[in-house]
Amino acid sequence: MWKLKRFFKKSEHKKYACWAVAVIVGLLFVLIGRVNEAKLNQVPKEKTTIYVKAPEDMKSVFKDVIIKTSLNKDYEIEFTNEENKANFTVKEGLKNDGELIAYSPIIAVFNGSDETFNEYKEKELFVKSDINNSDYDFDFKKVIDEILFSQNSEFKIYYPSQNSTMWDEFYSFLLFTVNDGYYPKEGTDMEEAVKNIEDFFNSRNAEPIDSTNIRIMNGISKNSIYFMTYADLAHLDKNSSQKENSFRIMYPKTVVYHNYYAKFDEIGLNLYNALGKTTWIQENVGYYYLEKQYYNTKYSFGVPNMSTNIQGERTQFNSAEIPIKTTTNILKEEE
């Protein structure tokens, strides 16, 4: 008899336990329902828009940055071509207000054939590099001299146009080149250098070209030489339909950089700060993405290699710092 009573007591305990569990589960469902209802009724937080003016190739970088750093919880990006509307502007050129976020060497680009490479080595237009004996540099001064002092030069040189963002830097590169790798001193050296450069520009062998035309090229003929940034070549390579070994990079004996500066207001400062943030998988995430787009940054030791269309990629070359007061600056001030 006592065993039967004990059995009924256990049954009652189980019944009460089941009721308790059911009540708890019911309360949880009610709570979850109310939370979901509150979320549905919640007014979405209005995000602040960061208006960005930047080169086309950098736009994807800034989109990735705000997502990877969770900046998109409070901000959204909208791109604009109006500088007076922008909170964050990327400005290019020799000297700009703002913070340097990227740079890219100005290189000479040839067709990628071994025949051309070997021929120019024999003519000593491609000479052993002083930085690395296994590499060859391009002696552009020899080409300029041939154009200036020979009537039958077959070279065709395509250079950044005067209205391009690269103009001041390219002109400074020419000043280094015609003066044997040294920036000319004011006076006779500078006057002679400027005269040689102007004679070169006025020759039938030199033609200005803008970056838009560069990016739609499909190959380079034997005696043609194009000057562009490494970043521009990378994006030309992406869109090229040419076969393997279409282009050859040659670094001049003296290399100068094309610079990219960020200028921003208080709202744009959030995007600038995000460039240097570290996520759980990547340090300096914005600069990492800039490097993936083939820009050099203060955190990079080089950029990724391009496709098999490109030959001559390297990380060591003789770079020169351009004096702040350049001849082109002086001419603009006088105007």
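Residues numbered from 1 in each chain as written. Predicted model: local features only at pLDDT ≥ 70, side-chain atom pairs only at ≥ 80, totals over all residues. Heavy atoms only, no water.

Enquirer: Before we go on, may I ask you to explain the overall build of the protein in this structure?
Expert: Check the secondary structure of the protein and you find eleven helices and twelve strands. Within the span of the protein, comprising 335 residues, buried residues form 44% of the whole. Approximately 19500 Å² of the protein is accessible, and the part contributed by carbon and sulfur atoms is 49%. (Helix = DSSP H or I, 4+ residues; strand = E, 2+ residues; numbered from the N terminus. Buried < 20%, exposed > 50% of the residue type's maximum accessible area, 1.4 Å probe, protein only. Areas by Shrake-Rupley, 256 points an atom, 1.4 Å probe, with all protein chains shown as cover.)

Enquirer: Sorry, what's going on with the packing of aromatic side chains here?
Expert: Aromatic ring pairs are described here by two measures, namely the spacing of the ring centres and the angle between the planes. Scanning the entire structure with this criterion turns up 33 aromatic pairs. Aromatic pair Phe200 and Phe201: ring centres 5.7 Å apart, planes at 45 degrees, arrangement tilted. Across this residue pair, the class does not change: Phe200 and Phe201 are buried. One residue, Arg248, lies across the ring of Phe117, its end atom 4.1 Å from the ring centre. (Phe/Tyr/Trp six-rings, centres within 6.5 Å; stacked < 30°, edge-to-face > 60°. Lys NZ or Arg CZ within 6 Å of the ring centre and 35° of its normal.)

Enquirer: For this particular structure, what's the right way to read the packing of helix α2 (residues 59–68) against helix α9 (residues 266–275)?
Expert: How two helices pack is summed up by the angle between their axes together with the distance between the axes. Remark: α2 packs on α9, axes separated minimally by 10 Å, with the N-to-C direction vectors making an angle of 85 degrees. Looking at the two axes, α2 sits roughly perpendicular to α9. Counting all contacts with α2, which are made through Phe62, Val65 and Ile66, the residues of α9 involved are Leu271, Ala274 and Leu275. The residue makeup of the contact of α2 with α9, split by class, is six nonpolar, no polar and no charged. (Axes fitted to C-alpha atoms, helices over the stretch in contact; angles between N-to-C directions. Parallel < 35°, antiparallel > 145°, perpendicular 65-115°, else oblique. Contact = heavy atoms within 4.5 Å. Nonpolar A, V, L, I, M, F, W, Y, C, P; charged D, E, K, R; others polar.)

Enquirer: Hey, could you run me through helix α6 (residues 188–201) in this one?
Expert: Quick reminder: α-helices carry 3.6 residues per turn. Residues three or four places apart thus point the same way. End to end, α6 covers 20 Å across 14 residues, agreeing with the expected 20 Å (1.5 Å per residue, within 8%). Among the residues of α6, Met190, Ala193, Ile197, Phe200 and Phe201 are the ones counted as buried. Buried residues along α6 cover an arc of 100 degrees about the axis, so they all sit on one side. In α6, the exposed positions that point more than 90 degrees away from the buried face belong to Thr188, Glu191 and Lys195. (Expected span 1.5 Å × (residues − 1). Arc of directions from axis to C-beta.)

Enquirer: It is not clear to me how the pattern of salt bridges should be interpreted in this structure. Could you clarify?
Expert: Side chains that differ in charge, positive against negative, can pair when their charged atoms come close. By the definition in use, this model includes twelve salt bridges. Between Asp139 and Lys142 there is a salt bridge; the shortest N-O distance is 3.8 Å. For Lys142, a relative accessible area of 32% puts it in the partly exposed group. Through salt bridges that share partners, Glu119, Lys123 and Lys222 make up one connected network. (Salt bridge = Lys/Arg side-chain N within 4 Å of Asp/Glu carboxyl O.)

Enquirer: Which parts of the structure should I look at to understand unusual backbone geometry?
Expert: Keep in mind that most residues, glycine aside, have a negative phi and that most peptide bonds are trans. The phi dihedral of Ser70 is positive, around 60 degrees, even though this residue is not glycine. Along the chain, Ser70 falls in the loop between α2 and β2 (75–79). Not every positive phi belongs to a glycine, and Tyr294 is a case in point at roughly 75 degrees. Take Tyr294: it is sitting in the loop between α10 (285–292) and β12 (310–311).

Enquirer: Before we go on, may I ask you to explain the packing of helix α4 (residues 140–149) against α6 in this structure?
Expert: It is at 10 Å that the axes of α4 and α6 come closest, and there the two elements cross at 70 degrees. Our classification of the angle between α4 and α6 gives roughly perpendicular. Where α4 crosses over α6, the handedness of that crossing is left-handed. Residues Phe140, Ile144, Ile147 and Leu148 of α4 form the contact with α6, whose own contacting residues are Asn196, Asp199 and Phe200. Split by residue class, the contact of α4 with α6 holds five nonpolar, one polar and one charged. (Left-handed = near helix turned anticlockwise from the far one by under 90°.)

Enquirer: What's the story with helix α5 (residues 167–178) in this structure? I'm lost.
Expert: Helix length check: α5 (twelve residues) gives 17 Å between terminal C-alpha atoms against 16 Å at 1.5 Å per residue, within 8%. Most of α5 is tucked away, with twelve of its twelve residues classed as buried. Of the residues making up α5, those classed as buried are Trp167, Asp168, Glu169, Phe170, Tyr171, Ser172, Phe173, Leu174, Leu175, Phe176, Thr177 and Val178. A positive phi of about 60 degrees marks Asp180, the residue just after α5.

Enquirer: Where do I start with the layout of surface pockets in this structure?
Expert: Where empty space is left can be seen by rolling a probe of water-molecule size over the atoms. Looking at the second largest pocket, its volume works out to about 280 Å³. Looking at the lining of the second largest pocket residue by residue, the class counts come to nine nonpolar, one polar and two charged. (1 Å grid on protein atoms, 1.4 Å probe; cavity = no way out; pocket = protein on both sides within 12 Å on 5 of 7 lines; lining within 4 Å. Points joined across faces, edges and corners; volume = space filled by probe spheres on them.)

Enquirer: Honestly, the environment of Ser172 in this entry has me stumped. Any pointers?
Expert: Its place among the elements puts Ser172 in helix α5. For Ser172 and Pro184, which are twelve residues apart along the polypeptide, the C-alpha to C-alpha distance reads 9.9 Å.

Enquirer: Help me out: how do you make sense of the pairing of strand β1 (residues 48–53) in this one?
Expert: Along a regular strand, successive side chains alternate from one face of the sheet to the other. Relative to β2, β1 runs parallel, the two being bridged by five bridges. Along β2, the bridge assignment pairs Thr48 with Tyr75. In this region the chain leaves β1, passes through α2 and returns to the parallel neighbour β2; the handedness of that crossover is right-handed. As judged from the two bridges shared by β1 and strand β3 (residues 88–92), these two strands associate in the parallel manner. (Pairing = 2+ DSSP bridges. Right-handed = clockwise from strand over helix to strand, strands pointing away.)

Enquirer: Would you explain the nonpolar core in this entry?
Expert: The tendency in soluble globular proteins is for nonpolar side chains to be buried as a group. Phe138, Phe140, Ile157, Phe201 and Phe227 are the most contacted members of the largest nonpolar core, which has 38 residues in total. Looking at this core, the elements that each hand over two or more residues are β4 (99–111), α3 (114–122), α4, β7 (156–160), α5, α6 and β9 (224–229). Residues within four places of Phe201 in sequence aside, it is in contact with Tyr159, Trp167, Phe170, Tyr171, Leu174 and Ala206. Core analysis: the next-biggest nonpolar cluster, separate from the first, contains 27 residues, Met58, Ala231, Ala274 and Leu275 among them. (Core = buried A, V, L, I, M, F, W, Y, C linked by side-chain atoms within 4.5 Å.)

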